[in-house]
Structures are given as structure tokens and as C-alpha cells.
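Residues per chain are reported as follows:
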Amino acid sequence: MEGIPLRTLDLVCLGTSVAFSGLFYYIYRKKKKTVDTLKEAPQMRLDEQLADILNAAPGKCLQYVVIEGTVQPAGETLRSQFQEGSLGVVQRLVLKEHKLVWNSLARAWTDSERILHQRINMVPFNLVGSGNAAVRVLCPLEASGLEMEIVHEKFHQASYGFTDIIGQYLSGEKPKGQLETEEMLKVGATLTGVGELILDSDRVLKLRPPADGSEYFLTTSDFHTMLVEEEGRATIWQVLASICALAGVAVLLWVARRYYRHLREKWAREELRRQFERMGPSRTAPQGELEDAESLENACVICLSNPRSCVLLECGHVCCCFSCFQSLPVPTCPICRQPIVRVVPLYQA
Ligand SMILES: [Zn+2]
Ligand SMILES: [Zn+2]
């Protein structure tokens with residue numbers, strides 16, 4: 001459309017809000033789907049009948065089920081490196097560097113952390129239910145929601161001398177220290193798993209990531225808590241998507257408002273020109289030199305040739321012709337410099 005005042009900034013704002021709301025909506029839809037599938041997933045009891053149920057199932061497989069049991073190692077056990085007597089099946093050792101980095105934009109020191117070293121140890125383990133019923137858990141590291149117990153955490157404070165401090169100001173980095181942590185999925189912990197359950201040829205029950213791409217979960221909280229948390233996450237994405245969409249609408253309304261103002265000003269200018277035109281061509285078009293003294297007295301102070309035809313408001317000066325008024329670089333009265341709010345044609349009877 002002609003004259004739509006879309007500026008680069010508007011386009012950037014509009015593009016960003018559309019892109020983000022699209023992205024957040026996509027994530028929300030994915031989360032919502034996960035929540036819906038979780039709600040439909042049957043909760044299986046881990047007991048001796050489970051093997052028979054699977055034996056009767058097509059392909060000896062249940063695609064997406066919830067199962068709860070106690071963690072027991074299938075062979076050897078992992079020992080905590082720092083806490084005496086702690087036994088587990090998954091162990092994660094992390095060494096993180098913490099430092100302050102000078103942010104020249106914010107003109108402040110900001111926290112920054114970086115993983116220096118990470119090691120994960122794992123041994124095969126089962127979820128054990130009532131009787132001797134057990135399910136082997138496959139690929140636990142592929143699962144979402146596996147928060148392990150922190151069995152050891154120690155912060156090693158950095159120490160430095162005078163020359164180090166000067167070096168820090170020059171480089172813009174102040175080391176704070178290193179954090180050493182050990183997390184463990186302990187033997188005896190209660191674990192809820194959501195995934196594909198199969199009975200393999202050796203009559204061993206196995207829980208594994210679903211083949212259809214649904215999310216695989218392992219969590220130390222119970223199924224209901226997990227469901228509530230997932231629903232909460234989906235809602236956050238939904239809210240973010242709505243906020244971005246609203247921001248996009250706001251930008252559009254802003255542009256529309258500006259376009260409407262622009263149009264209104266254009267209409268007002270045209271209306272004024274028509275009014276002057278109705279008064280006759282002598283008022284708008286330049287005309288030959290005025291000869292007599294009386295006409296000269298009545299001539300526009302800018303072009304000195306056309307008769308004065310505009311009343312400038314609010315000051316009320318009658319000093320110029322319409323074409324000179326239109327070509328004023330700023331809308332101020334040429335005599336008293338007051339801003340011109342409105343202009344009306346001068347009618348001489
Ligand atoms: Zn003039
Ligand atoms: Zn004036």
C-alpha cells in the first residue's frame with residue numbers, strides 16, 4: 001500500500017515476535033502431546049504377573065507404560081568416591097569452574113561457570129517390585145527427568161596474590177574457585193520409569209526408550225508429581241507463546257495507528273488546498289508583479305508577489321500566500337515564530 005510507514009524497527013519487532021511465538025508454540029504443542037501421552041499411559045504393577053501380561057501382548061511389547069520399582073544392581077555396584085558406604089548404579093562426577101567475568105556492556109562483574117571435567121559411570125540395574133519381579137532399565141542416560149542425589153559437594157576457593165589481582169583487572173576475569181560434585185542414583189531408591197516394556201527371548205523384562213519417539217522418563221519422584229511438573233512446563237511455553245503473539249499484535253496496532261494518523265493529516269492538507277482553490281486561482285497560483293503601492297502593502301511577505309491569503313493560528317498573523325505557507329520548512333509563523341496549529345483561508349468581501 002502506498003505510504004505505509006513501516007520502519008525497519010517495526011519489521012524487526014514484528015519478525016522477532018512472530019518467530020518466537022511460533023517457536024514457543026511449537027515447543028508447547030510438543031510438551032502438550034507428551035503430557036497427553038503420559039496421561040494415557042497404563043500404570044503397570046511390577047509383580048510376577050507382569051511377565052505373563054507381556055507374553056500375551058502383541059510382539060511381547062507394551063509401547064508406553066508407567067512402572068515403579070526399587071533400584072537394584074544387576075551385577076556389580078558402584079561405590080561413592082567421597083561418601084563412605086554409599087552404593088549406586090549411576091554416578092556422575094563433575095568439576096565446575098566458577099569465575100567472575102567483566103561485562104563491558106553492563107559495566108559489572110557477572111557470574112560465569114564452565115564444566116572443566118565430567119565423568120559418568122554406570123552399571124546395569126533393575127527395578128524390583130513385589131516378589132522376584134524385576135525390569136532391566138536400558139539407556140538411563142537417554143531419559144528425561146533423572147535427577148540424582150547429590151552425595152558430595154565441595155567448593156575449592158581460589159587463592160591469589162597481588163600480581164594475580166592486577167592480571168585479573170587486565171584480563172577481565174576473576175576466578176572464584178572450583179565446585180566438585182558427585183551425584184548418584186543410589187541402590188534402594190524408588191524410581192518411576194515411563195517407556196517401552198518388552199519381554200526378550202531370555203524372559204527378561206526390559207524398559208527402554210519408546211521406538212515411536214515418545215519421551216522416555218526416569219524419575220525419583222512419583223508419577224503424579226512428574227505429570228504435574230510436565231503440565232506446568234507446557235503451560236509456561238503456552239504463556240510465552242501468547243505473550244509473543246500479543247507483542248506482535250501490539251506492533252501491528254501501533255503501525256496501524258501511525259498509518260491512520262498519516263492518512264488523517266493527508267486528508268486535512270487536501271481539504272485545506274481545496275478550500276484555497278475554491279477562493280480562486282489568484283490565491284494559490286503565482287501571479288505577475290503587483291504594481292501599485294496598495295497591492296504591495298497587501299503582498300505576501302515571503303514571495304512579495306501573491307496577495308496574502310492565510311490566517312495563521314493561534315497567533316492570527318495574516319502575512320503569506322498559501323503556496324508560501326505550504327513551502328515553509330517548519331510550521332512556525334514567519335512574523336512571530338509561534339507554532340502554526342491551524343491555518344484558515346482569508347476571505348475579503
Ligand atoms: Zn507568497
Ligand atoms: Zn504570528
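The residue numbers shown here count from 1 along each chain, following its written sequence. Here the convention is simple: chains get letters from A, ligands get numbers from 1, in the order in which they are written. The predicted origin of the model limits local features to residues at a pLDDT of at least 70 and limits the giving and counting of side-chain atom pairs to 80 or more, whereas totals for whole chains, interfaces and linings rest on all residues.

### Topic: the pairing of strand β11 (residues 205-208)
Regular strands place their side chains on alternate faces of the sheet. Exposure in this text rests on C-beta crowding, where 20 or more other C-beta atoms within 10 Å of a residue's own make it buried, 12 or fewer make it exposed, and counts in between make it partly exposed. The C-beta atoms are placed from the backbone. Think of it this way: any DSSP run of H or I at least four residues long counts as a helix, any run of E at least two long counts as a strand, and we number them from the N terminus. The alternating pattern of β11 places Leu205 and Leu207 on a buried face and Lys206 and Arg208 on a face that is not buried. Where strand β7 (residues 134-137) and β11 come together, three bridges link them in parallel fashion. Residue valine 137 lies in a different strand from β11, and its bridge partner there is leucine 207. Pairing between two strands is assigned when DSSP locates at least 2 bridges connecting them. Taken together, the four bridges between strand β10 (residues 190-199) and β11 define a ladder with antiparallel strand orientation. Note that in β11 the partner of leucine 197 across the bridge is leucine 207. The turn joining β10 and β11, which pair antiparallel and follow one another in sequence, is formed by five residues; a positive phi near 60° is taken by arginine 203.

### Re the nonpolar core
In this structure, Ile67, Leu127, Val135, Leu197 and Leu205 are the most contacted members of the largest nonpolar core, which totals 30 residues. C-beta atoms are first placed from the backbone for all residues, and any pair lying within 7 Å is then listed as a contact. If we ignore the near neighbours within four places in the chain, the residues touching isoleucine 67 are Met44, Leu46, Leu127, Val135, Gly193, Leu197 and Leu207. Connectivity within a nonpolar core runs through C-beta atoms within 7 Å, and the core itself is a set of buried Ala, Val, Leu, Ile, Met, Phe, Trp, Tyr and Cys residues.

### Things to note about the UniProt feature "domain: RING-type" (unreviewed entry) in the chain
The UniProt feature table records "domain: RING-type" (unreviewed entry) at residues 300-337. Split by type, residues 300-337 is 13% helix and 11% strand. Its first and last C-alpha atoms lie 16 Å apart. UniProt positions are given in the numbering used here, feature names are shortened, and annotations may be inferred rather than shown by experiment.

### Focus on the packing of helix α1 (residues 8-40) against helix α4 (residues 223-278)
For helices, the axis comes from a line fit to the C-alpha atoms of the stretch in contact; other axes are also lines fit to C-alpha atoms, and the angle between any two N-to-C directions lies between 0 and 180 degrees. Direction vectors running N to C along α1 and α4 enclose 155°, while the axes themselves pass 8 Å from each other. Taken as axis vectors, α1 and α4 run roughly antiparallel relative to one another. Note on packing geometry: the crossing formed by α1 with α4 is left-handed. Throughout, the ten residues Ala, Val, Leu, Ile, Met, Phe, Trp, Tyr, Cys and Pro are labelled nonpolar, Asp, Glu, Lys and Arg are labelled charged, and all others, Gly among them, are labelled polar. Residue classes in the contact of α1 with α4 are distributed as 20 nonpolar, five polar and six charged. Angle categories: roughly parallel below 35 degrees, roughly antiparallel above 145, roughly perpendicular from 65 to 115, and oblique for all the rest. Less than a right angle of anticlockwise turn of the near helix away from the far helix marks a crossing as left-handed, whereas a clockwise turn marks it as right-handed.

### Notes on the environment of threonine 220
Structurally, the position occupied by threonine 220 is in the loop between β12 (217-219) and α4. Put simply, threonine 220 and glutamate 230 are 10 residues apart on the chain and 14 Å apart in space, counted from C-alpha to C-alpha. For threonine 220, the residues in contact, after removing those within four places along its chain, are Glu147, Ala189, Thr190 and Leu191.

### Examining the UniProt feature "transmembrane region" (unreviewed entry) in the chain
Following the UniProt record, one finds the feature "transmembrane region" (unreviewed entry) at residues 236-256. Taken end to end, residues 236-256 has its terminal C-alpha atoms 30 Å apart, with 100% of it in helix and 0% in strand.

### A short note on the environment of isoleucine 115
Along the chain, isoleucine 115 falls in strand β5 (residues 108-122). In this structure the C-alpha to C-alpha distance between isoleucine 115 and tryptophan 254, which are 139 residues apart in sequence, comes to 45 Å. Beyond its immediate chain neighbours, meaning those up to four positions away, isoleucine 115 contacts Val94 and Lys96.

### Concerning the domain arrangement of the chain
You can read the domains of the chain as domain 1 (41-221) and domain 2 (296-345). Note: domain ranges come from an automatic or database domain assignment. One C-alpha centre belongs to domain 1, the other to domain 2, and the line joining them spans 81 Å.

### Section: unusual backbone geometry
Phi is mostly negative for residues that are not glycine, and the peptide bonds are mostly trans. In this chain, leucine 313 is followed by glutamate 314 through a cis amide linkage whose omega measures 10°. As for its placement among the helices and strands, glutamate 314 is situated in the loop between β13 (310-313) and α7 (322-326). For arginine 107, which is not glycine, the phi dihedral falls at a positive 55°. Inspection of the secondary structure assignment puts arginine 107 in the loop between β4 (87-103) and β5.

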